[in-house]
Amino acid sequence: MSPSPVSPAAALRRLPAVHVLVEHPLVAPLAERAGREQTVAAARGVLDDARAALLAAAQSSTSAEDTGPASAGATESASTSNGRATDTGRTTENSRTTDSGRATDDVAAAATATGDDALAAAVRDRLAGWLKPRPTRVINATGVILHTNLGRAPVSEATAAAMAVAAAGYSDLEYELDAGERGSRHDLLVDRLRRLTGAEAALVVNNNAGATMLVLSALAKGRGVIVSRGQLVEIGGGYRIPDVMEAGGARLVEVGTTNRTHGRDYEQAIDEDVALLLRVHTSNYRMIGFTHEVPLEEMVAIGARHGLPVVDDLGSGSLLRTEDHGLAAEPLVQDSIAAGADLVTFSGDKLLGGPQAGLIVGRAAAVETLRRHPLTRALRPDKSTLAGLAATLDHYLRGEALSRVPVWRMIAARPDTLGRRAEAWRAAVRDALGADAPAMTIDDAMSAAGGGSLPGEALPTRVLRVAVAHADAAAAALRRADPPVVCRVADGMLVLDPRTVAPGTAHGVTVSDDAANAAEHEAGVDSEHGGDLATKPMSESAAPVVPGALGAGLGGEDEALVRALIGLLRGDVSR
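Predicted, not measured: the structure shown is a model, and the values here were computed from it.

> Looking at this structure, I do not really get the nonpolar core. What am I missing?
A general feature of soluble globular proteins is that nonpolar side chains tend to end up buried together. Ranked by internal contacts, the top residues of the largest apolar core, which has 53 residues, are Ile-226, Leu-277 and Val-361. Leave out the neighbours within four places in its chain, and Val-361 touches Leu-193, Thr-197, Ala-199, Ala-201, Ala-202, Val-333, Ile-337, Asp-342, Leu-343, Val-344 and Phe-346. The next biggest cluster of nonpolar side chains, apart from the first, holds 28 residues, and it includes Leu-214, Ala-220, Leu-278 and Ile-360.

Below, the structure is given as structure tokens:
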């Protein structure tokens, strides 16, 4: 027999003291990690929410009794405006929510429940939200290689280790060990970048937008910069070339038309107020049809005739030829240097596959001007970034980028190898669920390059499609797992692409020897020595951490499937 409902007034009187929740067995495991101060704050917050929700419920009940059924709708509306959750799960400005995203109505329900367990669970959930690391590790099963929302390219194991070592202790960041005197962080990567690109000098800042801003401020402040109209790009976050020009103190001089710009357009726009010619690579879109852009070599020749430097902003930038792997040609940094550009700017992440940074290479005199500019200090990278970049560049110098840099390993992966991994996934789900396994197919699909590079470019892949009764709810449950799994939903099915899930075996998920060996051979990974995966075991526990309530609209069969997929993918990125 279920217990009788508890009135809001009675529930208020029965609310426990703070110390009762702090010492509750449900809270204790997290309390030790969070510390007493945070645990007390979480308990007080949950109790405050409970009181507010119960008072609102009592007021609503009283108003409904006074006004009668005819005004019940208006009362409900008023209470919603005073802080109750809306139908969409959002709360109004005066409402309070827990860190797990539950509205105060949920806390009110907990407050009226028998005993203190429900409130203690709310405290536990709030503490768990506070303790959750951000950003947190995510398994990317979308097939989008440079997924901007998921942190773009993962770095190599060597890069991650180098960054950790630099962060954990002291280093010779700005110290010359041989001379025993102060040095410069700007010298650390110059030799590597010179050998890789053929440039005379190099400088590293925090990102490519910063690199462009520095170039404009140092070389063209208060003067004109000529750019083709077809290159006035906007990238993510509202970053626009005209706005960067203005912020850098330069004057934008547009030439040509949207689709066609010629050398004569640059020649005619040059006057004594122009400081430089800028080429901006349209890395996130492509124009086709009746188009023309001036080749970099021709721009360099024009600049030379007028004594003007030419700057090539490559955006993503690459050191390897993308066309060798079935993608459109992305301009190479070393080709821009060979063409005579005075300065070339590009990203350290994206196609380079390292940590976020902006790299500037080119003529020594121009780079030295940038180094002396006051903005350089504001844009300088930290020690971990420099250490990670050094390790990433070493992969290229050793000729092992295709096997060791994760983004290039993903680009180079062949559909047949990916198909074998998808087959192994399907077999693992069938083994886990037996007769309850859903319908699953292995299908041809395309993996996107992503990350504001190689617009419209994709690579053939093989994906696992899983029939599920409530695909959106199942995908949401996967995202709430630990670690979260992000996949695609198409035609009411879950779609998981192995291209962006690092290969491995664990937790009962076994890829056949032939498939595993083929994948490792293709990537140049030495299985005997554990390879160079960018991912390492997340836990020694064989069972994935899965929320108890996987979400509204998710039936029992779907829940079993989601748990199987989480265990499968969690194992497949571990050693």
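> Teacher, can you tell me more about the pairing of strand β17 (residues 493-496) here?
The two faces of a sheet get side chains in turn, since along a regular strand they alternate between them. For strand β14 (residues 458-467) and β17, the ladder comprises four bridges, and the chain directions are antiparallel. Note that in β17 the partner of Val-466 across the bridge is Leu-494. Alignment of strand β16 (residues 488-490) against β17, held across three bridges, turns out to be antiparallel. Bridge assignment links Arg-488 to a residue of β17, and that residue is Val-495.

> Even after reading the chapter, I still don't get the pattern of salt bridges, so can you show me in this structure?
Two side chains of opposite charge can pair, provided their charged atoms sit close to one another. Considering all chains together, one arrives at 23 salt bridges under this definition. With its nearest N and O atoms 3.1 Å apart, the salt bridge here joins Asp-349 to Arg-152. On the criterion of sequence distance, the pair formed by Asp-349 in the loop between β11 (343-347) and β12 (358-362) and Arg-152 in the loop between β1 (139-140) and α8 (157-168) is long-range, its members being 197 residues apart. On the accessibility criterion, Arg-152 (24% relative accessible area) is partly exposed. In this structure, Arg-398 and Glu-400 form a salt bridge, with 2.9 Å as the shortest nitrogen-oxygen distance. The class for Glu-400 is buried, based on a relative accessible area of 19%. If you follow the salt bridges from partner to partner, you end up with Glu-174, Arg-182, Arg-185 and Arg-380 in one network.

> Can you walk me through unusual backbone geometry in this structure?
Cis peptide bonds are those with omega within 30 degrees of zero, and the linkage from Arg-134 to Pro-135 qualifies with -5 degrees. Along the chain, the position of Pro-135 falls in the loop between α7 (117-131) and β1. A positive phi is found at Arg-152, a non-glycine position, where the angle reads about 55 degrees. The backbone phi angle of Asp-491 is positive, close to 55 degrees, even though this residue is not glycine. Here Asp-491 shows up in the loop between β16 and β17. Residue Asp-491 is classed as exposed on the basis of its relative accessible area of 78%.

The rules behind each value
- Along each chain, residues carry numbers from 1 onward, in the same order as the chain's sequence is written.
- Per-residue local features are limited, in this predicted model, to residues with pLDDT of at least 70; the limit for side-chain atom pairs, both in listing and counting, is 80 or more; totals at the level of whole chains, interfaces and linings are taken over all residues.
- Derived side-chain values reflect all non-hydrogen atoms in the structure, with water molecules and hydrogen atoms excluded from consideration.
- Only buried residues count toward a nonpolar core, which is a set of Ala, Val, Leu, Ile, Met, Phe, Trp, Tyr and Cys residues joined through side-chain atoms within 4.5 Å.
- The rule is simple: take the accessible area with a 1.4 Å probe, protein chains only, and divide by the maximum for that residue type; under 20% is buried, over 50% is exposed, in between is partly exposed.
- The contact rule is simple, with two residues in contact once any of their heavy atoms fall within 4.5 Å.
- Paired strands are those between which DSSP finds at least two bridges.
- A run of DSSP states H or I qualifies as a helix once it reaches four residues; a run of E qualifies as a strand once it reaches two. Both are numbered from the N-terminal end.
- Take a side-chain nitrogen of Lys or Arg and a carboxyl oxygen of Asp or Glu: if they are within 4 Å of each other, that pair is a salt bridge.

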